[in-house]
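Observations on chain architecture
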Amino acid sequence: MSAFRIGINALYLIPGQVGGSEIYLRCLLRALARIDEENTYFVFTNRETQADIAPAARNFHIVPQPVRATFRPMRLLWEQTILPREAARLQLDVLFNPGFTAPVWCPCPTATLFFDLQYKRHPQYFRWFDLPFWKLFLWASVRRSTALAAASFETHRDMVRFYSLRPDSVRTIELGVDEHFFHLAERRRTERQKRFLLCVSTLHPHKNLDRLVRAFARFRDLRPEYRLVIAGMRGFYADQLERLIHALKLDDHVRLTGWIPREELYDLYVRADAFLYPSTFEGFGLPVLEALAAGVPTACSNIEPLRSIAGEAALQFHPEDEDQIRDAMLCLVGDEDLRRRLIAAGPEIAKKFSWERTASLTRNFLIETARYRSRSSS
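Let me sum up the structure you'll find in this document. All residue numbers refer to positions counted from 1 along the written sequence of the respective chain. Selection of residues for local features in this predicted model requires a pLDDT of at least 70, selection of side-chain atom pairs for listing and counting requires 80 or more, and totals for whole chains, interfaces and linings are taken over all residues. Hydrogens are left out, water is left out, and the side-chain values use all remaining heavy atoms of the structure.

The subject of this paragraph is the overall build of the chain. Here a strand is any run of E in DSSP of at least two residues, a helix any run of H or I of at least four, and the numbering for each starts at the N terminus. Helices and strands together make up the secondary structure of the chain, namely 14 helices and 13 strands. In this description the radius of gyration comes from C-alpha coordinates, and the expected globular size is given by 2.2 Å times residues to the power 0.38. Taken against the 2.2 N^0.38 rule, which gives 21 Å for 378 residues, the C-alpha radius of gyration of the chain at 21 Å falls within 12% of a compact globule. Projected onto its principal axes, the C-alpha positions of the chain cover 70 × 45 × 40 Å. Taking all 378 residues of the chain together, the buried fraction comes to 58%. Of the roughly 16,600 Å² of accessible surface on the chain, a fraction of 51% belongs to carbon and sulfur atoms. When the 52 basic and 45 acidic side-chain charges of the chain are each reduced to a single mean position, those positions are 4 Å apart. Accessibility here uses a 1.4 Å probe with only protein chains present; expressed as a share of the type maximum, an area under 20% marks a residue as buried, one over 50% as exposed, and anything in between as partly exposed. The protein chains shown are the only cover counted for residues, whose accessible areas, like all others here, come from Shrake-Rupley with a 1.4 Å probe. His residues and chain termini do not enter the charge count, which takes Lys and Arg as positive and Asp and Glu as negative. We put the charge of a Lys on NZ, of an Arg on CZ, of an Asp on CG and of a Glu on CD.

Below is the structure:
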């Protein structure tokens, strides 16, 4: 098999500010380096992205671009104009776009991954001046990309539904879980857990954190020794959430960490007594998978794709029912038989989702896309 020259469009990445899509890209690239020594990868970075985004492997190369992702209009303009010229200069066989948007024209085939279609399902969560850009550039990516992929079966269904695509025209490539979380499960067996509930989430409206906090306030009426820790970068709902916490007199009992280093996050998974994830919408739901791998007793919303990912390894509740959320908290901390069952089941479910599997499916997807040029020209 001949080797391919594969471009990775990481111009969207702002370290610490794009949530799960940063974890996805970092883990994917490391896994690709472990399974693929034949093909050559060129990772296009912006001014904010550190060089460590790409693994230190002989077939991986950083291609820095003098553009800032924090200034989105310029980043999008660069993606549409300069990036295709770079693809031509490097004689790429395929360009992979893992951040929703792709060049409208490119000299090589393009493959684009969609994590979700939240702007279609919940446009009310977007700022009015952002929504037109999402509509235009994602529509263009769908129509102009050579090949499309979705990060979950739920996102696959949304792409087929909202863009009137054939089901077989979108590849589903689910995410993986960092192997390190399974080692956290081993640490949890020897280290003492603290009296706190953990939620790992960006502070956005659809994450449903207001209901989580209100349910926690009622939970504390029965279990006042517990605290709630919400770990994740500040989002559009941060100010409102802080006001709610203050109004409920929970300032000393609810901690919002903001963005924290990965090692600190690992430590929270080790010490947490239980994990809650009340989101009303998800493209994949990586924190739930991480909690399962770490052997943390977990409860999450009964929405797709969380329902299918977690299965019976997590308690599930309706995200709009605060009684169910509170009851899940009480069960997670008070039912020892349930805790033992969830602790055992979580890692077994999580083992089905490896980054090596994601990387292998992605590599095959990109190679098939690269071969599209030879098929169409023959």
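Resuming the write-up.
On to the sheet that holds strand 8 (residues 196-200). Whether two strands pair comes down to DSSP finding at least two bridges between them. The parallel open sheet is built from 6 strands, whose spatial order is 10-9-8-11-12-13. Of all strands in the sheet, those bounded by a partner on one side alone are strand 10 (254-256) and strand 13 (315-317). On average, each strand axis in the sheet is tilted by 20 degrees relative to the strand beside it, whichever way the strands run. Note that strand 11 (residues 274-277) and strand 12 (residues 298-301) share 3 bridges and pair parallel. Bridge pairing in strand 12 places Tyr277 opposite Cys300. By definition in these notes, contact holds between two residues if any of their heavy atoms fall within 4.5 Å. Fitted lines through C-alpha atoms serve as axes, helices being fitted only where they are in contact, and the angles separating the N-to-C directions of these axes extend from 0 to 180 degrees. In this fold helix 9 (residues 262-271) packs onto strand 8, strand 9 (227-231), strand 10 and strand 11, with an angle of close to 135 degrees to the strand it touches most, strand 8.

Before going further, it helps to spend a moment on the packing of aromatic side chains. Between rings of Phe, Tyr and Trp, where Trp is taken as its six-membered ring, a pair exists when centres lie within 6.5 Å; planes separated by under 30 degrees are stacked, by over 60 edge-to-face, and by other angles tilted. Summed over the entire model, instances satisfying the criterion amount to 16 aromatic pairs. Each ring, one from Phe100 and one from Phe114, has its centre 5.9 Å from the other, and the planes form 85 degrees; the classification is edge-to-face. Of the two residues, Phe100 is situated in the loop between strand 4 (94-97) and strand 5 (110-114) and Phe114 in strand 5; the sequence distance between them amounts to 14 residues. Judged by relative accessible area, which is 12%, Phe100 ranks as buried. On the accessibility criterion, Phe114 (0% relative accessible area) is buried. An aromatic cluster is built from Tyr24, Phe100, Phe114, Phe115, Phe126, Trp134 and Trp355, whose rings are joined through pairwise contacts.

It is worth spelling out the side chain of Gln118 at this point. Tracing the backbone shows Gln118 in helix 3 (residues 118-121). Nitrogen and oxygen atoms within 3.5 Å of one another constitute a polar contact, given that in protein one can donate a hydrogen and the other can accept it, and given that sequence-neighbouring residues count only through two side-chain atoms. Of the polar contacts made by the side chain of Gln118, one reaches the side chain of His206; its length is 3.0 Å. Aside from chain neighbours lying at most four places away, what touches Gln118 is Pro123, Tyr125, Phe126, His206 and Phe281.

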